[in-house]
Amino acid sequence: MSLSGVCVTAVESRPVGTLGTSQSPSHRPFGARVKAFVALTKPRIIELLLITTVPVMFLAEQGVPDLKLVFLTCLGGYLSAGGANALNMWYDRDIDALMERTSQRPLVTGMVSPRECLAFGITLAVVSTLLFGLAVNWLSAWLSLGALLFYVVVYTMILKRRTSQNIVWGGIAGCLPVLIGWSSVTNSMSWAPVILFLVMFFWTPPHYWPLSMRVKEDYARVGVPMLPVIASNKVVARQIVLYSWVMVLVSLLLQPLGYTGWFYTAVALATGGWWLWEAHALQNRAKAEETGGKLKEMRLFHWSITYVSLLFVAVAVDPFLR
C-alpha cells in the first residue's frame, strides 16, 4: 500500500497534440540550435540532481574527494540525466504541444526534429554509461543507466499517463544520483546513501505536488492524472503533510547511525521544521478552501528546492566538523 492511499486511475494514453511545423535548416540558426539541444537536457533540473550527488561524495570520502573524480561523476551524471530528459521530451512531444508551460520546448517549436532528439538522447545515454564505466567504475555506470531507463520507460512511458502515483514511484529515478555519488567514491553501497535515497524519495511528491496544483489545468487538458487533477486540494495537502513528516524523520537517521554529527543534525532539524510549518500551513489553507493566489502552494515548492540544497550542503560540510 502506498502512503498516499489513492487508487490507480487509468486514462486514455497519448492524446493527440498539434506540434509546431518543423523548420527548414535555413530557418534554424546555429546558435539557436545549440541552445535548443541544451534545452533538451533540462539543465535546471540537472543542477538539482548534482546538488544531491556531489555532497554525498564528500560524505563517502569523509573529506574532500578526488576533484578529477568529482568532475567525471558530474559530467557523466549530466550526460545521463540529459539523455533521459531528451528521451522524455521525444516521447511526450504530443502532450507538450498542448500544455502551456511546455509549449516552447524545442520539439514543439520545430527547432529540433523528433528524429534528431531521439538520436541525441540515445547518444547521451551510451556516452554517459561508457564514461562512468571506463573512467569511474561500473557500479556507478549501471546505477546511472538504471536511473535513465527508469525515468524514460517506467515513469514517462508507463506511469505518467496511467496513475496518480506516477511521481511517487517515477521519482525513484531522481533519487539514484545519491547512490551514484557514493558508489563513485567507494565502488560499494552503505546505509548512508540508502537513507539519503529515502529522503529524496519522500521529498519528491511534496516537492512536485504543489507545482502540479498550480498547473493542474495543463495536466487535465492532456489526460495526465497527477494527484491534484483527480483529487481535491484537501486530499493533496494531506498527502503532502504525510510525506513531509516521513521525509523529515528519515533525514534524522544519519546521526544515530554514526554517519553524521551535530552540524548535519542541526541543519536537518531547522530546515525540516520549517518545511513542516509550510506544509501544515498549506494544508490549513486547503481546508479553508482557499484557491488561486490565496492557496500559496508555490511557497512550499520554492522552499523544497532550498531545503534539499541546504540539507545536502550540510552533508558535505559535516565531515569537516566532526
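Here the structure is a predicted model, which is why all the values come from computation and not from measurement.

This brings us to the pattern of salt bridges. Summed over all chains, the structure comprises nine salt bridges. When the shortest N-O distance is used, the salt bridge between arginine 33 and glutamate 116 registers 2.9 Å. Here the residue arginine 33 occupies a position in helix H1 (residues 30-40), and glutamate 116 occupies one in helix H6 (residues 114-136), the gap between them amounting to 83 residues. Relative accessible area serves as the criterion here: at 23%, glutamate 116 is assigned to the partly exposed category. Among the ionic pairs, aspartate 92 bridges to arginine 161, the shortest N-O distance being 2.8 Å. Within this pair, whereas aspartate 92 is found in the loop between helix H3 (67-91) and helix H4 (93-96), its partner arginine 161 is found in the loop between helix H7 (138-159) and helix H8 (166-170), the two being separated by 69 residues in sequence.

Attention shifts here to a nonpolar patch on the surface. On the surface, a nonpolar cluster with roughly 640 Å² of combined accessible area is contributed by Ile122, Val126, Leu130, Leu134, Trp138 and Trp142. When residues of the nonpolar patch are traced back to their parent elements, those giving at least two are H6 and H7. For the nonpolar patch, the leading source of residues is H6, giving four residues. Considering the arrangement of structural elements, one finds isoleucine 122 in helix H6. By relative accessible area, which is 44% here, isoleucine 122 ends up partly exposed.

Basis of the calculations
Residues numbered from 1 in each chain as written. Predicted model: local features only at pLDDT ≥ 70, side-chain atom pairs only at ≥ 80, totals over all residues. Heavy atoms only, no water. Salt bridge = Lys/Arg side-chain N within 4 Å of Asp/Glu carboxyl O. Helix = DSSP H or I, 4+ residues; strand = E, 2+ residues; numbered from the N terminus. Buried < 20%, exposed > 50% of the residue type's maximum accessible area, 1.4 Å probe, protein only. Patch = residues over 30% accessible without salt bridge, like charges linked within 9 Å, V, L, I, M, F, W, Y side chains within 5 Å. Areas by Shrake-Rupley, 256 points an atom, 1.4 Å probe, with all protein chains shown as cover.

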